[in-house]
Amino acid sequence: MDLVKGVAASPITQTQPFSGRKKLLQQRWTKSCAMEDPCLPVVPQLDLGSLVDSDEEEQDRIPENLPAPTDKYKLKHQQYKTEMTGGYKQYSQRNAEKAKSSITHQQTPRNKTDDKCVQGAEAITDDLTTLDRKALLQLGYAANPHILQRSTGKSDADVVAAEKKKQMVAEQVMIDHLSRAVISDPEQNLTSEKPEISHILPDSKLAPIRFRKRTLHETKIRTQSTLTENILSHKVQFDGRIISRNGRDACRELVGFFFTHDQSLTIYEYRQFGKNRTNVLPFIQKNIYCHQRGRRKGKQYRLADLYVGANLTFLSSDHPRLPESVKENTVLTLRITNVDWRALDSLKTDSEEHDDVTSEEANDRKILKAIQDLLKEQLRRRGVRILTGLGKHLQQLDKEGNGLLDKADFKQALKLFRLEVSENDFESFWLILNSSGNGRADYGEFKRAIIGEMNEYRKSFVRKAFMKLDFNKTGSVSIIDIRKCYCAKMHPRVISGHSTEEEIKSSFLETLKDACSKSDEVSYGEFEDYYEGLSIGIVDDEDFVNVLCTPWGI
């Protein structure tokens with residue numbers, strides 16, 4: 001009403017602009033409305049101070065019909081909370097350690113001159129080239145804080161997919177062995193001791209089931225050697241990969257099972273075609289096998305031989321259904337990448353298994369560890385160039401193409417790349433490597449033994465990155481596809497503006513091309529050697545995962 005009174009009391013001038021005419025029309029409309037309805041409700045004055053809610057009101061503002069959270073939701077929320085707090089603590093501790101290391105290097109002028117002398121000596125010993133410095137640019141991804149906590153949704157999806165794959169393979173194994181057990185049981189073919197039923201025809205319905213022509217639904221006889229679901233349930237499941245420089249074979253997804261009732265094992269291959277089509281096929285038939293290499297050659301596989309990093313060796317001639325690329329080697333070597341620890345521990349306690357490492361094996365491990373530590377110190381800052389160049393050089397020396405070289409070739413390669421190993425250490429190393437005594441050894445096994453290799457956790461991300469690039473599963477990737485897939489947007493030098501994305505990408509491709517035998521494509525072995533060299537200079541596993549996952553988007 002005060003507003004209307006004010007409008008009625010305001011004077012109206014003779015000359016008004018366009019905006020004034022509009023105000024005049026609004027004033028006339030409000031005046032007419034007030035005259036038609038003089039009993040308009042009075043609008044109370046708004047008190048803005050009373051709109052502020054107190055803490056008690058906010059706490060009381062809870063819907064009455066809201067159901068209480070379930071235990072499953074509470075557990076999931078607690079797990080998420082602990083993961084986030086734990087990840088933040090690790091990130092804070094890592095930053096604190098890096099800050100301490102940087103503070104220790106900030107010393108007095110005298111100490112700075114001493115540091116310059118030390119750095120000069122290191123430069124002489126390391127002999128860093130332009131390729132070494134360009135390769136070291138990839139280590140910048142390790143200091144990227146935003147990628148430390150990867151997407152929880154993506155990791156959960158990977159876990160669900162892995163569990164689904166394992167369950168699918170386990171079901172196929174059970175179906176295969178339970179459906180074949182009774183039909184293939186030799187006791188069903190034994191002649192009966194009762195002579196009076198010998199005159200009954202095999203097709204007669206009066207004959208026992210073991211004398212009829214058996215089909216799957218008629219095999220209901222239980223003999224002593226018949227497998228049952230209970231017997232097959234006492235097993236240990238493990239994941240494996242083929243140790244090979246062939247990309248198709250190295251990226252095969254293998255799942256194995258070790259059965260404790262007869263100490264046998266079988267290995268299946270999981271294949272995926274596209275997004276929805278999958279298949280599970282036997283790769284190594286169920287049987288009792290023995291070691292084919294090393295100190296335990298000829299000994300039967302036991303439960304103690306199953307651990308992450310263990311090698312399982314098989315004769316290729318015993319498995320005619322293996323792929324042709326696998327049968328090119330006399331011995332097939334599988335590396336265990338993951339083990340069902342719960343099943344392994346429960347079965348070990350039941351059967352009282354224990355790992356009996358002999359004194360010879362312990363001595364071999366000690367010798368290899370000492371040589372590897374010595375060479376890793378020499379390769380700390382030039383690992384990419386040396387490892388990729390060494391692999392390329394040994395491949396060129398392999399004129400026959402079987403991967404075997406003699407002792408003189410390995411000595412010459414070490415001398416060429418300035419990897420210093422004493423004569424006594426090399427002789428001890430050669431006795432371990434050449435266990436067969438034929439004077440020749442596989443150069444891939446030579447590199448893994450004398451330099452070492454990254455752990456299986458890091459190796460799994462290398463395989464995942466290569467499988468993303470090699471979508472056709474040919475075993476090699478073109479440089480054009482690598483340039484398209486590599487992304488340097490999140491590199492710290494690009495974010496800070498010191499380098500462009502194209503400069504980081506070009507430095508990576510230049511160092512990778514130097515490792516390749518062909519100028520237009522990269523094989524799996526060359527891709528693995530590149531990241532094997534980077535891995536030597538990275539202590540923390542998560543830093544290495546950041547170096548690999550950030551540019552490839554995995």
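Everything quoted here is computed from the prediction, not taken from an experiment. (Residues numbered from 1 in each chain as written. Predicted model: local features only at pLDDT ≥ 70, side-chain atom pairs only at ≥ 80, totals over all residues. Heavy atoms only, no water.)

Participant: So what's going on with the overall build of the protein? Residues and values would help.
Facilitator: Of the regular secondary structure elements, the protein holds 22 helices and 10 strands. Looking at the protein as a whole, 33% of its 554 residues qualify as buried. Counting only contacts in the protein whose residues sit at least 6 apart along the sequence, the fraction spanning at least 24 positions is 67%. Element-wise, carbon and sulfur atoms account for 54% of the exposed surface of the protein, whose accessible area totals about 35100 Å². (Helix = DSSP H or I, 4+ residues; strand = E, 2+ residues; numbered from the N terminus. Buried < 20%, exposed > 50% of the residue type's maximum accessible area, 1.4 Å probe, protein only. Contact = heavy atoms within 4.5 Å. Areas by Shrake-Rupley, 256 points an atom, 1.4 Å probe, with all protein chains shown as cover.)

Participant: Residue-level account of helix α22 (residues 541-552), with values.
Facilitator: With 12 residues, α22 should cover 16 Å at 1.5 Å per step; its first-to-last C-alpha distance of 17 Å lies within 8% of that length. The buried fraction of α22 is high, at 10 of 12 residues. The distance from a side-chain oxygen at the start of α22 to the backbone nitrogen of E542 is 3.0 Å, and the residue carrying that oxygen is D540. (Expected span 1.5 Å × (residues − 1). Polar contact = N/O pair within 3.5 Å; in protein donor to acceptor, adjacent residues only side chain to side chain.)

Participant: An account of the UniProt feature "domain: EF-hand" (unreviewed entry) in the protein is requested, with residue identities and associated values reported.
Facilitator: Mapped onto this numbering, the UniProt entry gives "domain: EF-hand" (unreviewed entry) at residues 385-420 and 457-492. Taken end to end, residues 385-420 is 64% helix and 8% strand, and its first and last C-alpha atoms sit 16 Å apart. Taken end to end, residues 457-492 comprises 58% helix and 8% strand; its first and last C-alpha atoms sit 25 Å apart. (UniProt positions renumbered as here; feature names shortened; annotations may be inferred.)

Participant: Please set out the side chain of E532 residue by residue, giving values where relevant.
Facilitator: The residue E532 is located in helix α21 (residues 524-536) in this model. At a separation of 2.6 Å, a polar atom in the side chain of E532 contacts the main-chain amide nitrogen of M454. Setting aside anything within four residues of it in sequence, one finds E532 in contact with L387, G452, E453, M454 and K459.

Participant: I'd love a proper account of the sheet that holds strand β3 (residues 264-273), names of residues and values included.
Facilitator: Hydrogen bonds between backbone atoms are what pair the strands of a sheet, whose relative direction is either parallel or antiparallel. Read across the sheet, 6 strands follow the order β4-β3-β2-β1-β6-β5 without closing on themselves; strand pairing throughout is antiparallel. Of all the strands in the sheet, the pair left with one neighbour each is β4 (277-287) and β5 (311-315). Averaged over all pairs of adjacent strands, the angle between their axes in this sheet comes to 35 degrees, without regard to strand direction. Here β3 pairs with β4 via 8 bridges, running antiparallel. Note on β4: the bridge partner recorded for E269 is L281. (Pairing = 2+ DSSP bridges. Axes fitted to C-alpha atoms, helices over the stretch in contact; angles between N-to-C directions.)

Participant: An account of the nonpolar core is needed here, citing residue identities and associated values.
Facilitator: Counting 36 residues, the largest nonpolar core has I482, F508, F527, Y531, L548 and W552 as the members making the most contacts within it. Breaking this core down by element, the ones donating at least two residues are α17 (456-469), α18 (479-485), α20 (501-514), α21 and α22. In terms of residue count, α22 provides more of this core than any other element does, 6 residues in total. Those residues in contact with F527, other than ones at most four positions away along the chain, are V462, A465, F466, L469, V522 and W552. One finds L368, I386, L390 and L419 within the second-largest nonpolar core, a separate group that totals 25 residues. (Core = buried A, V, L, I, M, F, W, Y, C linked by side-chain atoms within 4.5 Å.)

Participant: Quick one: what's the story with helix α12 (residues 359-378), residue by residue and with numbers?
Facilitator: Its 20 residues give α12 an end-to-end C-alpha distance of 29 Å, which sits within 8% of 28 Å, the value for a rise of 1.5 Å per residue. Of all the positions in α12, only E361, D364, L368, I371, Q372, L375 and Q378 are classed as buried. Viewed end-on, α12 has its buried residues packed into an arc of 105 degrees, placing them on one side of the element. More than 90 degrees from the buried face of α12, the exposed residues found are S359, K366 and E377. Buried residues along α12 sit against α15 (423-433) and α16 (443-450). (Arc of directions from axis to C-beta.)

Participant: An account of a nonpolar patch on the surface is needed here, citing residue identities and associated values.
Facilitator: The grouping of Y307, V308 and W341 at the surface amounts to a nonpolar patch, some 280 Å² of accessible area in total. The exposure class of W341 is partly exposed, given its relative accessible area of 43%. (Patch = residues over 30% accessible without salt bridge, like charges linked within 9 Å, V, L, I, M, F, W, Y side chains within 5 Å. Salt bridge = Lys/Arg side-chain N within 4 Å of Asp/Glu carboxyl O.)

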